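The chain contents come next:
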Amino acid sequence: MTHLWVRAEQRPNEERVGLTPDGAKALIDKGIRVTVEESSVRAIGIEGYKAAGCEIAAENSWPEAPKDAIIFGLKELPEDGTPLPHRHIMFGHAFKGQHSGVALLKRFKAGGGTLYDLEYLVDETGRRVAAFGYWAGYAGAAVTLKSWAAQQRGEVCGPVGVYGGKEALLADLGAELDALEAARPSAIVIGALGRVGTGAADLLTAMGCAVTKWDMAETASGGPFPEILAHDLFLNCIFARPGTPVFVPQDALGAARQLTAIGDVACDPDSDYNPVPVYDRATTWEAPALRVAQEPVLDVMAIDNLPSMLPVESSEDYAAQLLETLMTLDDLGGGVWTRAEADFITHSKDL
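Notes on the structure in this doc start here. (Residues numbered from 1 in each chain as written. Predicted model: local features only at pLDDT ≥ 70, side-chain atom pairs only at ≥ 80, totals over all residues. Heavy atoms only, no water.)

Looking at the packing of helix α4 (residues 133-152) against helix α5 (residues 166-178)
(1) Moving on: Two numbers describe how α4 lies on α5: the axes approach to 10 Å, and their chain directions differ by 20°. Regarding the angle of α4 to α5, the classification is roughly parallel. Note on packing geometry: the crossing formed by α4 with α5 is left-handed. Contacts between α4 and α5 involve Trp-135, Tyr-138, Ala-142, Leu-145, Lys-146, Trp-148 and Ala-149 from the first element and Lys-166, Leu-169, Leu-170, Asp-172, Leu-173, Glu-176 and Leu-177 from the second. (Axes fitted to C-alpha atoms, helices over the stretch in contact; angles between N-to-C directions. Helix = DSSP H or I, 4+ residues; strand = E, 2+ residues; numbered from the N terminus. Parallel < 35°, antiparallel > 145°, perpendicular 65-115°, else oblique. Left-handed = near helix turned anticlockwise from the far one by under 90°. Contact = heavy atoms within 4.5 Å.)

Structure, rendered in structure tokens:
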């Protein structure tokens, strides 16, 4: 029997989950065994999973799961170097030249396990079957606006946290902006036709910002893009890949510009294809903005688990998108799973 083991997330500020109790019941009804770990932080409580008929395991007990279990989580595993013998479904961040990804792939090779990277679960057209993009863009735009607001007060953005829902976020951010003696900033969103860009543009519009929406047509020239520097905010919503243009080069730091806040929602500073190479590390919930220039200031927001700011909405949305694919776990030799395994083999074979 196919056995899906939903692990607790071990990364700080991560309350999301990729399977809801309703989804778990659908899997069980199909004949898939589902184990869900207890979690001290998960936004969706364990009682719903119990009621759905899931087996319940202790928090963080997945290393002792049966070897045939498929371990399902979202964010990174603890970086302890241990071999990984299981099959894992997760965001590995290991296939686009990320330097930390090599260590993860070596752990799979050492243990004999397999990575089904959630970013590489794609249909026959190459489109991802599920993505957190909308809520990443939504939350990313919110934190970028908070960074800009802090600049108006002569500060750098302070810590951010989890919101009980979208309306709570909008109310908090609106009050912060209304307290300023400044007009709403202008913003340019690149990747505006995608899920991430749509979320970013929706938040900015809700907050009364003038939004310029760019996508592939507007960036096809490859740059430079002086229009970016003529906005107060820039939201990068395009994931780095070979051929992605550089949107804000290093020489922009000393150039005349209106731009003072960048929201790199795609957040891939460790990639060789980073389109915003003015910073070199992700930012955190405790320190959301990295100041990369003075006179005028320029702050970069690059939190890499943004949807966790709205964990219930983002979990329910993502889980609904992914469920159809999880329902095919009893046939790993077909379709989505075969393509994902091929990506893993391609990127790990030479280690």
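This is not the end of the story, as more comes after the structure.
With respect to the pattern of salt bridges
Opposite charge on two side chains lets them pair, provided their charged atoms get close.
(1) Moving on: Overall, the coordinates contain 16 salt bridges when judged by the stated rule.
(2) Moving on: For Asp-304, the salt bridge goes to Arg-11, with nearest N and O atoms at 2.2 Å. You can see Asp-304 sitting in the loop between β12 (298-301) and α9 (311-326) and its partner Arg-11 sitting in the loop between β1 (3-6) and α1 (21-30), a full 293 residues away along the chain.
(3) Moving on: A salt bridge links Lys-146 to Glu-176; the nearest nitrogen and oxygen atoms lie 2.7 Å apart. Linking Lys-146 in helix α4 with Glu-176 in helix α5, this pair joins segments that are 30 residues apart in sequence. (Salt bridge = Lys/Arg side-chain N within 4 Å of Asp/Glu carboxyl O.)

Digging into the sheet that holds strand β3 (residues 55-57)
(1) Moving on: Taken in spatial order, the six strands make up an open sheet running β3-β2-β1-β4-β5-β6, and their pairing is parallel. Either end of the sheet is taken by a strand with one partner, and the two such strands are β3 and β6 (114-117). If you compare each strand with its neighbour and ignore which way they point, the axes differ by 25° on average.
(2) Moving on: Pairing of strand β5 (residues 87-90) with β6, which is carried by four bridges, proceeds in the parallel orientation. Directly across from Arg-87, in β6, lies its bridge partner Thr-114.
(3) Moving on: Here helix α10 (residues 335-348) sits on the sheet and contacts β5 and β6; the angle it forms with β6, its principal contact strand, is near 120°. (Pairing = 2+ DSSP bridges.)

A closer look at the environment of Gly-48
(1) Moving on: Looking at the element boundaries, Gly-48 is found in helix α2 (residues 46-52).
(2) Moving on: Judged by its relative accessible area of 29%, Gly-48 is partly exposed.
(3) Moving on: Placed 199 residues apart in sequence, Gly-48 and Phe-247 show a C-alpha to C-alpha distance of 45 Å. (Buried < 20%, exposed > 50% of the residue type's maximum accessible area, 1.4 Å probe, protein only.)

Overview of α9
(1) Moving on: In α9, a bend of some 35° at Ala-320 exceeds every other bend along the element.
(2) Moving on: Taken residue by residue, α9 has Pro-311, Ser-314, Ser-315, Tyr-318, Ala-319, Leu-322, Thr-325 and Leu-326 as its buried positions. (Bend = angle between axes of the 7 residues up to and from the residue.)

Structural notes on unusual backbone geometry
If a residue is not glycine, its phi is most likely negative; likewise, a peptide bond is most likely trans.
(1) Moving on: Here the amide bond leading from Gly-223 into Pro-224 is cis, since omega sits at 5°, within 30 degrees of zero.
(2) Moving on: By secondary structure assignment, the location of Pro-224 is in the loop between α7 (216-219) and α8 (226-229).
(3) Moving on: In the segment running from Glu-295 into Pro-296, the intervening peptide bond is cis, with an omega of -10°.
(4) Moving on: Inspection of the secondary structure assignment puts Pro-296 in the loop between β11 (289-293) and β12.
(5) Moving on: A positive phi is found at Asn-60, a non-glycine position, where the angle reads about 65°.
(6) Moving on: Phi is positive for Cys-267, close to 50°, though the residue is something other than glycine.
(7) Moving on: Among the structural elements, Cys-267 can be located in the loop between β10 (261-264) and β11.

With respect to the side chain of Arg-42
(1) Moving on: With respect to the helices and strands, the residue Arg-42 is situated in the loop between β2 (33-37) and α2.
(2) Moving on: Among buried charged residues, Arg-42 stands out as having no salt bridge; its nearest opposite-charge side chain is Glu-37, 5.8 Å away.
(3) Moving on: When neighbours within four sequence positions are excluded, Arg-42 is seen to be in contact with Val-6, Arg-7, Ala-8, Glu-15, Val-17, Val-36, Glu-37 and Tyr-49. (Lys, Arg positive; Asp, Glu negative; His and termini not counted.)

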